[in-house]
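Secondary and tertiary structure notes
Chain by chain, the residues:
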Amino acid sequence: MPGTWREWVKAYEYFGDSNRYAPFDLESDPSESDNLASKNPQQLKTMMQAMIQELEYMQAQYPVEDGRQLKPTIPSVNERKMKTEVGE
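Residues numbered from 1 in each chain as written. Predicted model: local features only at pLDDT ≥ 70, side-chain atom pairs only at ≥ 80, totals over all residues. Heavy atoms only, no water.

**Comments concerning the nonpolar core**
Inclusion rule: To form a nonpolar core, buried Ala, Val, Leu, Ile, Met, Phe, Trp, Tyr and Cys residues must be joined to one another through side-chain atoms within 4.5 Å. Burial here depends on accessible area, computed with a 1.4 Å probe over protein chains only, as a share of the maximum for the residue type. Under 20% is buried, over 50% is exposed, and the range in between is partly exposed. Think of it this way: any DSSP run of H or I at least four residues long counts as a helix, any run of E at least two long counts as a strand, and we number them from the N terminus.
Formed by Tyr-12, Tyr-21, Ala-37, Leu-44, Met-48 and Met-51, the largest nonpolar core amounts to six residues. In terms of residue count, helix α1 (residues 41-57) provides more of this core than any other element does, three residues in total.

**Brief notes about the pattern of salt bridges**
Applied cut-off: When a carboxyl oxygen of Asp or Glu lies within 4 Å of a side-chain nitrogen of Lys or Arg, that pair is called a salt bridge.
Tallying each qualifying case throughout the model produces two salt bridges. Residue Asp-34 pairs with Lys-39 through a salt bridge whose shortest N-O separation is 2.9 Å. Its relative accessible area of 32% is what places Asp-34 among the partly exposed residues. Using a relative accessible area of 54% as the deciding quantity, one classes Lys-39 as exposed. Lys-71 serves as the salt-bridge partner of Glu-56, at 3.8 Å between the closest nitrogen and oxygen. With Glu-56 in helix α1 and Lys-71 in the segment after β4 (68-69), this residue pair connects regions lying 15 residues apart in the sequence. With a relative accessible area of 42%, Glu-56 lands in the partly exposed category.

Honestly, it's all geometry; don't read function into it.
Right, here's the structure in full:
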C-alpha cells in the first residue's frame, strides 16, 4: 500500500442519496489525480472512521437536508460499486 494513512488526504461529498469518496496518496500523487477508493477500500474505511471520530469529538455541525443531519458514512469494505468520482 502506498504511503501511510498520514500521507493520504480524503475528500468526502454527500450528494442526495449518494456519497462520493476520494482518497489520494499525497506522497506519490501530489496532484490528487489517482482516486484510490476502489483500490484500497480498507484504507478508505479506516480513514472515514477516523474522520467521523474526530468530527464527533469536535462536536461538528452537519448540514441539514429535509430536517435530517447529513453525517458522513463509512463505506463497506466489500462494496463492489464504490463511487469514486468527486464532483461528477
